[in-house]
Amino acid sequence: MKICIVTANYYPEISTQLIKGASNILQKNGIKNYKSISSPGIFELPVIISRNIKKYDAFIALGCVIKGETPHFNYISRAVTNAIMDLSTKYKKPIGNGIITCLDKKQAAIRANIFKKDKGGEAATAALTVLGILKK
């Protein structure tokens, strides 16, 4: 089973926690060899996944968008979510969506923390669960 974690590192303190959560779930499920690819931001995640879609059985998309003073937050979040869903359905490959959308960094830290919300772990669990269903 080949898994790829694709992470937006715009907020490195948040993405580090998301990666830890996803990695923990992969390792607990016996997946030790997985690839990790970094991205400057979430907007670039779909193109990275698209370029690698045939190389992996599943992807885990990680990152964080924090709402600012303009509607940019809404456009970026929606565009990336739609692009990831389109890739997943077009290629019939699971892509765990661990892109957190938050109002501030405090909220993001709680959602990313492996001892609190662990959204990276949730995204990995979702990808592995769907991959299990697709392999049957």
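Caption draft 1: Geometry of the packing of aromatic side chains. Tallied over the entire structure, the rule returns two aromatic pairs. Where Tyr56 meets Phe59, the ring centres are 5.6 Å apart and the plane angle is 70 degrees; that geometry is what we call edge-to-face. Taking relative accessible area as the criterion, Tyr56 reaches 9% and is therefore assigned buried. Overall, the relative accessible area of 0% leaves Phe59 in the buried class. Against the face of Tyr56 rests Lys2, its NZ or CZ located 5.6 Å from the ring centre.

Caption draft 2: Main features of the pattern of salt bridges. Tallying each qualifying case throughout the model produces two salt bridges. A salt bridge links Lys105 to Glu13, with the shortest nitrogen-to-oxygen separation between them at 3.4 Å. A residue pair is termed long-range when its members are at least 10 positions apart, and Lys105 in helix H4 (residues 105-112) and Glu13 in helix H1 (residues 12-28) qualify at 92 residues. Of the residues examined, Lys105 reaches a relative accessible area of 46% and is grouped as partly exposed.

Conventions used here
Residues numbered from 1 in each chain as written. Predicted model: local features only at pLDDT ≥ 70, side-chain atom pairs only at ≥ 80, totals over all residues. Heavy atoms only, no water. Phe/Tyr/Trp six-rings, centres within 6.5 Å; stacked < 30°, edge-to-face > 60°. Buried < 20%, exposed > 50% of the residue type's maximum accessible area, 1.4 Å probe, protein only. Lys NZ or Arg CZ within 6 Å of the ring centre and 35° of its normal. Salt bridge = Lys/Arg side-chain N within 4 Å of Asp/Glu carboxyl O. Helix = DSSP H or I, 4+ residues; strand = E, 2+ residues; numbered from the N terminus.

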